[in-house]
Amino acid sequence: MARATLPNLSTVTALFQAFLLSVLMFSLPQPAQAQNAVSGVHFDLTERDFHETPYAMLNGDWWFEFGAHLTPEEAHDAFIADNLDAIAVPSDWRDTLTEANTNPFSHGIATYLSRISLPDDPHNHLILVLPRVADAYVVYWIPANDPANWHELGEDGTLSGPIVPAHTMRAYSLEDFSDGYLMVHVRKELQSYGGILRAPYIAQSGAYQNYLQMLRLSDGMVMGITLFVSIFNLFLFLLYRKDPATLILALGGFALFLRALTMTGTLEIILGMNLRSFLTRLEIADILLIAWTTYAMHQALLWRRFSNLKGPILIGMVGMLGAAFIFTAPLPQVTEAISLVHLYCFATFVLILATSARAIRVKQPDAWFYSVGWLLPMTAGLHDIYTSNHFGGIYLANPAFLIFISVYSWKVGHRVITELNRAEFLRQARKNLTELHQNAMASARHDQLTGLLDRHAFDDELLLAWQEKDSCDDGLSLVVLEIDSFQAIAATHGQEVADMTLRSVAELLSHSLLRKTDRICRYQEASFMFLLPCANGSKAREVAERVRHRIKLHEVTLDAGVHLRLQASFGHATAEPNAEGHCHQLVQQAQLALDHAQTCGTGMIAGFDALTTAQKARLHYWLTSPEANSDIEAAHVKLHSQSWTKAS
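**Considerations on the packing of aromatic side chains**
- In total, this model carries 16 aromatic pairs according to the counting rule given.
- Seen from their ring centres, Trp62 and Tyr112 are 6.4 Å apart, and the 80 degrees between their planes marks the pair as edge-to-face. Highlighted residues: Trp62 in strand 3 (residues 60-66) and Tyr112 in strand 5 (residues 108-117), separated in sequence by 50 residues. Neither residue differs from the other here; Trp62 and Tyr112 are each classed as buried.

Now the structure itself:
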């Protein structure tokens, strides 16, 4: 029942995730697409109604000075004199600088400056948002009519000493400011790219707070869903390890969870900004992991066997080499080589297309479903590669991969549950066949009339007990009994009564309070054999006495109220530990003792050890004679035909 509910739970979860993500993607405010953004060095927003359109982008040309942190007065004077260079925001400032051999990554400091005019409305409650500035910065407001009365709005990271990078998505109040200059001092030392990498924007405070809440809800949902998907597929893999898709889906879910942690700044909050270098490397290496898992996942979804993952294993080895470079090379070189990471992603996309074409060509089940399903994350991945290279736009890979991996988790979960049900059915069928086989084998070893072990089964049990007798101090004993006057019963009452008599005696013997190791079999027509491992002669005679007494008290009820009373004769023999010879000699000794008991009368018991030397010598003759070896049963007849008496 628990297994049957897994696909339903996964289906509901996947559909709910897709719906909620779609709502969030279209409901979240998109600063990069805010209207009425003013391009140029002067951002005139005096006519802007922030209550209707709460976001104004500051993307465009800014004044720029590399190699110096200008004072507010110097920045104001340079603006008036128009002797500063211009730079596009957002962008990497290396794009506008001449590359120097002594400073190939353009590390250093710089000043950004722009003129901004804000509406004179005290109810706007405006704030400045800096989404991403690398690596550290301080932001200032310089009044246009009084540059000496400048204000430091805030800072993040360190501009001197050991560098500590800035957080992403920081906001600073613009209360009581109307017309002036926005100046940003930037320090870059950690990565190959630096400066204002995401366009700043001015926002209405209330709208921005709502946006942050929705963003945190979205980030938390992404991390929760990816973690759930990872654990869910790992659980499926533990249930059914023959399908590699579940394991790779679990790894893919973990990779998305790790990406959400790094991109949302959660790890920075937990571990501190001193680990920014490591977290940047982790974020880039995680891209390789996501790209590899997409390719391996596609292979596993289509071919369903570990043996078909040779291609992903080879590509994974290339990815591991890339990860080794990412975690060992200087960080500027790592970020400079991000295009190689993008190339790796593009190569995996090509391999996915090739795999899809092959699967469609050979008509692999669900080939079209899995191939078309990859268009969403592949398109989102290519879009994000373009976005990262142009320092602007919305990243779509996370929600696209999240919807994709959730839907495919449902698909694979349904597939696994189907395989588990099939395996359970086959297991039950195999169990039934095994039981039938065991029953058939047991039936072949049992006498059909009495239900006891038959002669062949007794021979097997005797041979095994003979081989183990040396490990026991009491050796091995046999007790043979034969119903007296059985032929007369059959002749007088018929074969049906004779069969009923045998069944009745067999049932009585089955309840003779023997040990679990003891065995009873129907040896001949009216004779039964007790196999008693680890039992000496005294124990054998005790068993014979107990059974003889029970048979003597036993009655077989016939038709018309007739009761048949029975008696049986017994013979027993014991083989001592380490005794030489063969197990069949022990059978002959018990038979000889039975023959002796029958010559003494009905209902008698005789042990082989009680026989005289002459009787044992005669037995030795029959056991060693060619006639006895060729036909043991004939030897028994001859022995029985002798005139055995108590005196002989």
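**A word on the packing of helix 4 (residues 244-263) against helix 6 (residues 276-303)**
- Look at helix 4 against helix 6: their axes get within 9 Å of each other, and the N-to-C directions meet at 155 degrees. Here helix 4 lies roughly antiparallel to helix 6, going by the angle between them. Crossing hand, helix 4 versus helix 6: left-handed.

**What to know about the packing of helix 6 against helix 9 (residues 338-361)**
- Contact geometry of helix 6 with helix 9 gives a least axis separation of 9 Å together with a crossing angle of 5 degrees. Viewed along their axes, helix 6 and helix 9 adopt a mutual orientation that is roughly parallel. Residue-level contacts link Ile284, Ile287, Leu288, Ala291, Trp292, Thr294, Tyr295, His298, Gln299, Leu302 and Trp303 of helix 6 to Ile338, Val341, Tyr344, Cys345, Thr348, Leu351, Ile352, Thr355, Ser356, Arg358 and Ala359 of helix 9.
- Residues belonging to the contact of helix 6 with helix 9 are distributed by class as follows: 15 nonpolar, six polar and one charged.

**Points about helix 13 (residues 455-468)**
- Between its first and last C-alpha, helix 13 extends 20 Å over 14 residues, near the 20 Å set by a 1.5 Å rise per residue.
- Among the residues of helix 13, those classed as buried are Ala457, Phe458, Glu461, Leu462, Ala465 and Trp466. One side of helix 13 holds all its buried residues, which, seen down the axis, span an arc of 165 degrees. Exposed residues lying more than 90 degrees from the buried face of helix 13 are His456 and Gln467.

**Points about the nonpolar core**
- Met297, Leu301, Trp374, Phe404, Ile405 and Tyr408 are the most contacted members of the largest nonpolar core, which has 62 residues in total.
- Among the elements of the structure, helix 3 (205-239), helix 4, helix 6, helix 7 (310-328), helix 8 (331-336), helix 9, helix 10 (367-373) and helix 12 (397-445) are those that each provide at least two residues to this core.
- With 16 residues, helix 6 is the largest single contributor of residues to this core.
- Excluding anything up to four places from it in sequence, Ile405 contacts Val229, Leu249, Gly252, Gly253, Leu256 and Met297.

**So, unusual backbone geometry**
- Here the residue pair Val89 and Pro90 is connected by a cis peptide bond, since its omega of 5 degrees sits within 30 degrees of zero.
- By secondary structure assignment, the location of Pro90 is in the loop between strand 4 (85-89) and strand 5.
- Backbone geometry places Ser485, a non-glycine residue, at a positive phi of 55 degrees.
- Note that Ser485 resides in the loop between strand 14 (476-483) and helix 14 (486-493).

**Section: the sheet that holds strand 14**
- Across the sheet, five strands lie side by side as 15-16-14-19-20; this open sheet has mixed pairing. Strands with a single pairing partner mark the edges of an open sheet, and in this sheet they are strand 15 (519-522) and strand 20 (605-607). Put simply, the sheet's adjacent strands are angled 15 degrees from each other on average, direction ignored.
- Pairing of strand 14 with strand 19 (residues 568-575), which is carried by eight bridges, proceeds in the antiparallel orientation. Bridged to Ser477 within strand 19 is Thr574.

Cut-offs used in this document
- Residues numbered from 1 in each chain as written.
- Predicted model: local features only at pLDDT ≥ 70, side-chain atom pairs only at ≥ 80, totals over all residues.
- Heavy atoms only, no water.
- Phe/Tyr/Trp six-rings, centres within 6.5 Å; stacked < 30°, edge-to-face > 60°.
- Helix = DSSP H or I, 4+ residues; strand = E, 2+ residues; numbered from the N terminus.
- Buried < 20%, exposed > 50% of the residue type's maximum accessible area, 1.4 Å probe, protein only.
- Axes fitted to C-alpha atoms, helices over the stretch in contact; angles between N-to-C directions.
- Parallel < 35°, antiparallel > 145°, perpendicular 65-115°, else oblique.
- Left-handed = near helix turned anticlockwise from the far one by under 90°.
- Contact = heavy atoms within 4.5 Å.
- Nonpolar A, V, L, I, M, F, W, Y, C, P; charged D, E, K, R; others polar.
- Expected span 1.5 Å × (residues − 1).
- Arc of directions from axis to C-beta.
- Core = buried A, V, L, I, M, F, W, Y, C linked by side-chain atoms within 4.5 Å.
- Pairing = 2+ DSSP bridges.

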